[in-house]
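Spelled out from the first residue to the last, the chains are:
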Amino acid sequence: QVQLVESGGGLVQPGESLRLSCAASGTIFSTNTMGWYRQAPGQERELVATITSGGITQYADSAKGRFTISRDNVKNTVYLIMSSLNAEDTAVYYCYLRMVGIAQFNYWGQGTQVTVSS
């Protein structure tokens, strides 16, 4: 069974930075995509950023230039460094893992709250 454990959320002031981490455990295919989505109150879950095991990244427009996604394939861990945070970044951030074998397998973490407020 695959598990994703997130850490690093919290309360920060506008303009500050925060780093999220997500460690995957269980049977992890060497080829996979990990990433982050977020969901604000009353809104749908949306993509923040993803990164493949080969290092190819994808960012939402709102994250470009402010957020950086990276990963450690040995540790099966993905990181999200968020800079210049503002109130619109307030949301629950969910870690995501996709693996493709005979079928596509999608896994989600439990979510970590990020609140940007003065």
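Residues numbered from 1 in each chain as written. Predicted model: local features only at pLDDT ≥ 70, side-chain atom pairs only at ≥ 80, totals over all residues. Heavy atoms only, no water.

(A) Structural detail: the overall build of the protein chain. For the protein chain, the count of helices and strands is 0 helices and 11 strands. The linear arrangement of helices and strands in the protein chain, starting from the amino end, is β-β-β-β-β-β-β-β-β-β-β. Expected size for 118 residues packed as a compact globule is a radius of gyration near 13 Å; at 14 Å, the protein chain falls within 12% of this value. If you line up the protein chain on its principal axes, its C-alpha atoms span 45 × 25 × 20 Å. Counting all 118 residues of the protein chain, 42% fall into the buried class. Taking as baseline every contact in the protein chain between residues at least 6 positions apart, the subset at least 24 positions apart corresponds to 52%. Seen as two clouds, the 8 positive and the 8 negative side-chain charges of the protein chain have centres 8 Å apart. (Helix = DSSP H or I, 4+ residues; strand = E, 2+ residues; numbered from the N terminus. Rg over C-alpha atoms; globule rule 2.2 N^0.38 Å. Buried < 20%, exposed > 50% of the residue type's maximum accessible area, 1.4 Å probe, protein only. Contact = heavy atoms within 4.5 Å. Lys, Arg positive; Asp, Glu negative; His and termini not counted. Charge placed at Lys NZ, Arg CZ, Asp CG, Glu CD.)

(B) How the structure looks around the pattern of salt bridges. Counted according to the given criterion, the structure contains 4 salt bridges. Among the ionic pairs, arginine 38 bridges to aspartate 89, the shortest N-O distance being 3.0 Å. Of this pair, arginine 38 sits in strand β4 (residues 32–39) while aspartate 89 is found in the loop between β8 (77–82) and β9 (91–100), placing the two residues 51 residues apart along the sequence. Owing to a relative accessible area of 1%, aspartate 89 belongs among the buried residues under this scheme. (Salt bridge = Lys/Arg side-chain N within 4 Å of Asp/Glu carboxyl O.)

(C) Quick peek at the nonpolar core. Ranked by size, the top nonpolar core spans 28 residues in total, and within it Trp36, Leu80, Met82 and Tyr93 carry the most contacts. Broken down by secondary-structure element, the contributors of at least two residues to this core are β3 (18–25), β4, β5 (46–52), β7 (67–72), β8, β9 and β11 (112–116). Residues contacting tyrosine 93, with those up to four places away along its chain left out, are Glu6, Leu20, Trp36, Tyr37, Arg38, Val48, Phe67, Leu80, Met82, Gly111, Thr112 and Val114. (Core = buried A, V, L, I, M, F, W, Y, C linked by side-chain atoms within 4.5 Å.)

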